[in-house]
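# Chains, contacts and geometry: an overview
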Amino acid sequence: MVVLVVNCGSSSLKYILYDMRTETVAATGLIERIGGGGDQHAVVHHRPTDKDRVDYESSIEDHYAAVQETVKLLTTGEGKVLNHLDEIDAVGHRVVHGGEAFCSAVLINEPVIKAIEACVSLAPLHNPPNLLGIRACMAALPGKPQVAVFDTAFHQTMPRRAYLYALPYELYERHGIRRYGFHGTSHYYVARRAAEMLTQMGRDGAHARIVTCHLGNGCSMSAVADGVCVDTSMGMTPLEGLVMGTRSGDIDPAIIPFLEEKLGKTGAEIERMLNRESGLLGLSGTSNDMRDVSEAARNGHEGARAAVDVFCYRVRKYIGAYAAAMGGLDAVVFTAGIGENSPELRERILMGLSFLGLDVDPERNRSGRGDRVISTPESRAAAFVIRTQEELVIARETLEACKQAVAAG
Ligand code: AMP
């Protein structure tokens, strides 16, 4: 089976082509600045695994054209990895918001598309490009199964006490205002991998209480007990929770009307500020990129030091909260760009958590590669670094949804 995984952002399309017999990557690619208009061209990067990379600029007006370009790159020219488009057996789409309608991957048909459309008001920036990608792939690969894999699905097991906001209940009933959570594919994958690694260590992986920290440009954490999600830090939208590249994470909601009045800004302008101008960028005044912010902090930049302090403190606070919510802690997992690559921040987050039975091993934390244990051998709770593999999960779930559809006739 060959599976194409497609992830459409507002002006980008990322793809990975997998040979699922061996779970190997045949090619990856990214098309950026789709629909720039005028003389701004889209930038295309195609990376076939066994051939030279292909990079160029081209006028690509929408996601339909981007899918056509992807198909062309995969099947023709120097970087081709397929002889014919027919070799693609199925397409897996990352869809950001599935609301309460989806708790697992589904084969896409018109009712599914309608249900994803119904979630547009909950994710106005994300679901429309996801839908465009789906329609474009349906047109480019007619008759091939298309599967939607939702960022929200893994979190659908949260109990009511974790997902309800203490607002008038009818707002939940009428408008679906509740915590949904995101990065579900990543939390699912690393929690499962951590359970496997705990079992290999002779511990009870299947019934472990695991806190997963997805620390990338977007950041979120989940509490996973007995393999299911029981709480997560992002909310109705990805804005809630941790400090992120440009998102504020948790704030007092009364700040919004206060700022509307003080700054004479509209709600939409404040929302933009909270999403695009806050977080590491807002606090440090330097960058949204943790590498730059950490470097500036090391050089004594006050704003950058404050940004790193608030970032680490918030992650620590959530570890404590989730340990309490689950009645104990068996493992903490770090994943994504910051989580996988910054021993310095991992150490700052984990230092002094001995009272939770967690002792980080500074040497293990600083050295080593791949999925690994960074706690001491005596530590009652384990700490892991695990590389997230969201696209592989999407490809696996796509295959599984296809098999189930065949089995169901
Ligand atoms: P992601 O969204 O998972 O690609 O993660 C992007 C974030 O990871 C950016 O803030 C990067 O600065 C950060 N990152 C990547 N490598 C490192 C590193 N070695 N140290 C600190 N942050 C890093």
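Below, the structure is looked at part by part. (Residues numbered from 1 in each chain as written. Predicted model: local features only at pLDDT ≥ 70, side-chain atom pairs only at ≥ 80, totals over all residues. Heavy atoms only, no water.)

### Concerning the overall build of the protein chain
Using the following cut-off: In this text, helices come from DSSP runs of H or I with a minimum length of four residues, and strands from runs of E with a minimum of two, each type numbered from the N-terminal end. Radius of gyration: C-alpha atoms only; globule rule: 2.2 Å multiplied by the number of residues to the exponent 0.38. It only takes one pair of heavy atoms within 4.5 Å for two residues to be counted as in contact. Note on areas: Shrake-Rupley, 1.4 Å probe, and residue coverage restricted to the protein chains presented here. Only four residue types enter the tally: Lys and Arg on the positive side, Asp and Glu on the negative side, with His and both chain ends excluded. Note that the charge is assigned to NZ on lysines, CZ on arginines, CG on aspartates and CD on glutamates.
What the protein chain contains, in helices and strands, is 15 helices and 14 strands. Compactness check: the protein chain gives a C-alpha radius of gyration of 22 Å against a globular reference of 22 Å for 409 residues, within 12% of the reference. Structurally, the protein chain occupies a C-alpha span of about 60 × 60 × 50 Å along its principal axes. Here the analysis covers contacts within the protein chain between residues at least 6 apart in sequence; of these, 61% occur between residues at least 24 apart. When the accessible surface of the protein chain is totalled, it reaches about 18800 Å², and 51% of it is carbon and sulfur. In the protein chain, 42 side chains carry a positive charge and 51 a negative one; their mean positions are 3 Å apart.

### Remarks on the pairing of strand E6 (residues 90-95)
Condition: Only protein chains enter the accessibility calculation, which uses a 1.4 Å probe; a residue is then buried when its area is under 20% of its type maximum, exposed when over 50%, and partly exposed in between. Strands are treated as partners if at least two bridges between them are detected by DSSP.
In terms of burial, E6 is largely enclosed, as five of its six residues are buried. Of the pairings in the sheet, the one linking strand E1 (residues 2-8) to E6 comprises four bridges and is parallel in character. By the bridge assignment for E6, Val 5 is matched with Gly 92. Here five bridges tie E6 to strand E8 (residues 146-150), and the two strands are oriented parallel to one another.

### Structural notes on the nonpolar core
Inclusion rule: Among buried residues, the Ala, Val, Leu, Ile, Met, Phe, Trp, Tyr and Cys ones that are joined through side-chain atoms within 4.5 Å form a nonpolar core.
Membership of the largest hydrophobic core comes to 44 residues, with the highest contact counts inside it found for Leu 215, Phe 311, Ile 319 and Leu 350. For this core, the secondary-structure elements that each account for two or more residues are strand E9 (209-215), strand E10 (219-225), helix H10 (290-298), helix H11 (302-326), strand E12 (331-335), helix H13 (343-350) and strand E14 (382-385). No other element matches the 11 residues that H11 contributes to this core. Not counting residues up to four positions away in its chain, the partners in contact with Leu 215 are Leu 242, Phe 311, Val 315, Phe 334, Thr 335, Ala 336, Gly 337, Ile 338, Gly 339 and Ile 349.

### Notes on the layout of surface pockets
The condition is simple: Every definition here rests on a 1 Å grid over the protein atoms only: cavities are sets of points where a 1.4 Å probe fits but cannot get out, pockets are open sets enclosed by protein on both sides within 12 Å along at least five of seven lines, and lining residues have some atom within 4 Å of a point. Grid points are joined across faces, edges and corners, and a volume is the space filled by probe spheres set on the points. Under the scheme applied, nonpolar residues are Ala, Val, Leu, Ile, Met, Phe, Trp, Tyr, Cys and Pro; charged residues are Asp, Glu, Lys and Arg; polar residues are all the others, including Gly.
As a volume, the second largest pocket reaches approximately 510 Å³. The wall of the second largest pocket is formed by 25 residues, among which Cys 103, Ser 104, Ala 105, Tyr 188 and Glu 397 lie closest to the centre. Elements that contribute at least two residues to the lining of the second largest pocket include exactly strand E7 (106-107), E8, helix H6 (184-200), strand E11 (228-232) and helix H15 (390-407). Top contributing element to the lining of the second largest pocket by residue count: H15, with seven residues. Split into classes, the residues belonging to the lining of the second largest pocket amount to 14 nonpolar, seven polar and four charged.

### Comments concerning the sheet that holds strand E4 (residues 42-48)
What counts, and what does not: Every axis in this analysis is a line fitted to C-alpha atoms, fitted for helices over the stretch in contact. Angles between the N-to-C directions lie between 0 and 180 degrees.
Strand order in the open sheet made by the eight strands is E5-E4-E3-E2-E1-E6-E8-E7, with mixed pairing throughout. Among the strands making up the open sheet, the edge pair consists of strand E5 (54-58) and E7. Across the face of the sheet, helix H1 (residues 63-75) comes into contact with E1, strand E2 (13-19), strand E3 (24-32), E4 and E5 while running at roughly 35° to E2.

### Side note on the site of the ligand
To keep it simple, the criterion reads: We define proximity as follows: a residue is near a molecule or strand when any one of its heavy atoms falls within 4 Å of that partner. Pairs of N or O atoms within 3.5 Å make up the polar contacts considered here, provided that, within protein, one atom can donate a hydrogen while the other can accept it, and that residues adjacent in sequence are counted only when both atoms are side-chain atoms.
What surrounds the ligand is the set Gly 216, Asn 217, Asp 289, Met 290, Arg 291, Ala 336, Gly 337, Ile 338, Asn 341 and Ser 342. One of the backbone nitrogen or oxygen atoms of Met 290 is found 3.0 Å away from an oxygen atom of the ligand. At 2.9 Å from an oxygen atom of the ligand is found a main-chain nitrogen or oxygen belonging to Gly 337. In isolation the ligand exposes 510 Å². Once the protein is present, 70% of that is buried. Listed by contribution, the elements that provide at least two residues to the shell around the ligand are H10 and helix H12 (336-341).

### Section: the pattern of salt bridges
Pairing between side chains becomes possible if they bear opposite charge and their charged atoms approach one another. This is how it is decided: Throughout this description, the term salt bridge denotes a Lys or Arg side-chain nitrogen within 4 Å of a carboxyl oxygen of Asp or Glu.
As enumerated under the stated definition, the model contains 23 salt bridges in all. Glu 69 serves as the salt-bridge partner of Lys 72, at 3.6 Å between the closest nitrogen and oxygen. One end of the pair is Lys 72 and the other is Glu 69, both in helix H1 and three residues apart, which spans about a single turn. A relative accessible area of 44% means that Lys 72 is categorised as partly exposed.

### Notes on the sheet that holds E11
Strands sit in the order E11-E10-E9-E12-E14-E13 across an open sheet of six strands; the sheet is mixed. Edge positions in the sheet fall to E11 and strand E13 (372-373), since each has one partner strand and no second. By the bridge criterion, four bridges tie E12 to E14 in an arrangement that is parallel. The residue of E14 that forms the bridge with Val 332 is Ala 383. Docked against the sheet, H6 engages E9, E10, E12, E13 and E14, running at close to 135° with respect to E9. In the packing of H11 onto the sheet, contacts are made with E9, E10, E11 and E12, and the angle to E10 comes to roughly 15°.

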